[in-house]
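# An overview of the molecular structure
Below are the chains, spelled out letter by letter.
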Amino acid sequence: MGERFHGTWRIVSWENREDDGVVSYPVGPAPEGLLHYAPDGYMFVHIMRAGRTPLSTDALFGGDAPEHAEAFASHVAYAGRWEVRGDVMVHRLEIASVPNWVGGEQLRRVEFLDGDRLRLSAPMAFGGKTVMASVTWRRA
């Protein structure tokens, strides 16, 4: 089953659903992002809100604290090893934009849709609540 994942995927949508059915879009209605699964067992993902506000400088690590906060709140990235366990994708994180995730596992329920689409879902903490986060990808 692992070969079905190999390659690069482009994000289609990310929606969070609360228990009462309320849906939100944590990086907006038209996110940008890439997910890659390599045959050697490594993966990476970058997801960001479209139209992010540029920093006041092009310098690496430039800008002020409010700019950094906005940039952090509009982008998520991580990388590490991956494996499939039944209908669950396991991401074992070696680096991550969320420091607390480094060294841990992120588990995602897997669904293939329409042949060229992949949905990864998991309960996640957002704003003091646990929501069902579902990210849909299509082959790039």
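Details of the structure are given in the entry above.
These lines cover the structure that appears in this document, whether it is placed above or below.

Cut-offs and rules
- Residues numbered from 1 in each chain as written.
- Predicted model: local features only at pLDDT ≥ 70, side-chain atom pairs only at ≥ 80, totals over all residues.
- Heavy atoms only, no water.
- Helix = DSSP H or I, 4+ residues; strand = E, 2+ residues; numbered from the N terminus.
- Rg over C-alpha atoms; globule rule 2.2 N^0.38 Å.
- Buried < 20%, exposed > 50% of the residue type's maximum accessible area, 1.4 Å probe, protein only.
- Lys, Arg positive; Asp, Glu negative; His and termini not counted.
- Charge placed at Lys NZ, Arg CZ, Asp CG, Glu CD.
- Core = buried A, V, L, I, M, F, W, Y, C linked by side-chain atoms within 4.5 Å.
- Polar contact = N/O pair within 3.5 Å; in protein donor to acceptor, adjacent residues only side chain to side chain.
- Contact = heavy atoms within 4.5 Å.
- Pairing = 2+ DSSP bridges.
- Salt bridge = Lys/Arg side-chain N within 4 Å of Asp/Glu carboxyl O.

For the rest of this paragraph, the subject is the overall build of the chain. On a plain count of helices and strands, the chain comes out with one helix and nine strands. Going residue by residue from the N terminus, the α and β elements of the chain occur as β-β-β-β-α-β-β-β-β-β. Computed over its C-alpha atoms, the radius of gyration of the chain comes to 16 Å, within 12% of the 14 Å expected for a compact globule of 140 residues. Each of the three principal axes of the chain carries a C-alpha extent, and together these read 45 × 40 × 30 Å. With 140 residues in all, the chain has 31% of them scored as buried. Taking the average location of the 15 positive side-chain charges in the chain and that of its 18 negative ones, the two points are 5 Å from each other.

The next subject is the nonpolar core. Looking at soluble globular proteins, one finds that nonpolar side chains tend to be buried together. W14, L35, Y37, I47, L118, L120 and W137 are the most contacted members of the largest nonpolar core, which totals 22 residues. The set of elements that each furnish at least two residues to this core consists of strand 1 (7-17), strand 3 (32-37), strand 4 (42-48), strand 5 (75-85), strand 6 (88-96), strand 8 (117-126) and strand 9 (129-139).

Time to look at the side chain of S74. Positionally, S74 belongs in the loop between helix 1 (65-73) and strand 5. The class of S74 is buried, set by a relative accessible area of 1%. Within the local environment of S74, its side chain forms a polar contact with the side chain of R52, the two groups lying 2.8 Å apart. The residues touching S74, leaving out its near neighbours within four places in the chain, are V27, I47, M48, R49 and R52.

Turning next to the pairing of strand 6. Bridging between strand 5 and strand 6 involves eight bridges; their strand directions are antiparallel. Residue pairing across strands places A79 opposite I95, the latter belonging to strand 6. Taken together, strand 5 and the strand that follows it, strand 6, pair antiparallel across an intervening segment of two residues, in which G86 is found at a positive phi of about 65°.

Attention now moves to the pattern of salt bridges. Applying the stated criterion across every chain, the model contains nine salt bridges. With a shortest N-O distance of 2.5 Å, E83 and R92 are connected by a salt bridge. The exposure class of R92 is partly exposed, given its relative accessible area of 28%. As a salt-bridge pair, D114 and R117 come within 3.9 Å of each other at their nearest N and O atoms. Under the relative-accessibility criterion, D114 is labelled exposed at 68%. By sharing partners, the salt bridges in this structure join E83, R85, R92 and E105 into a single network.

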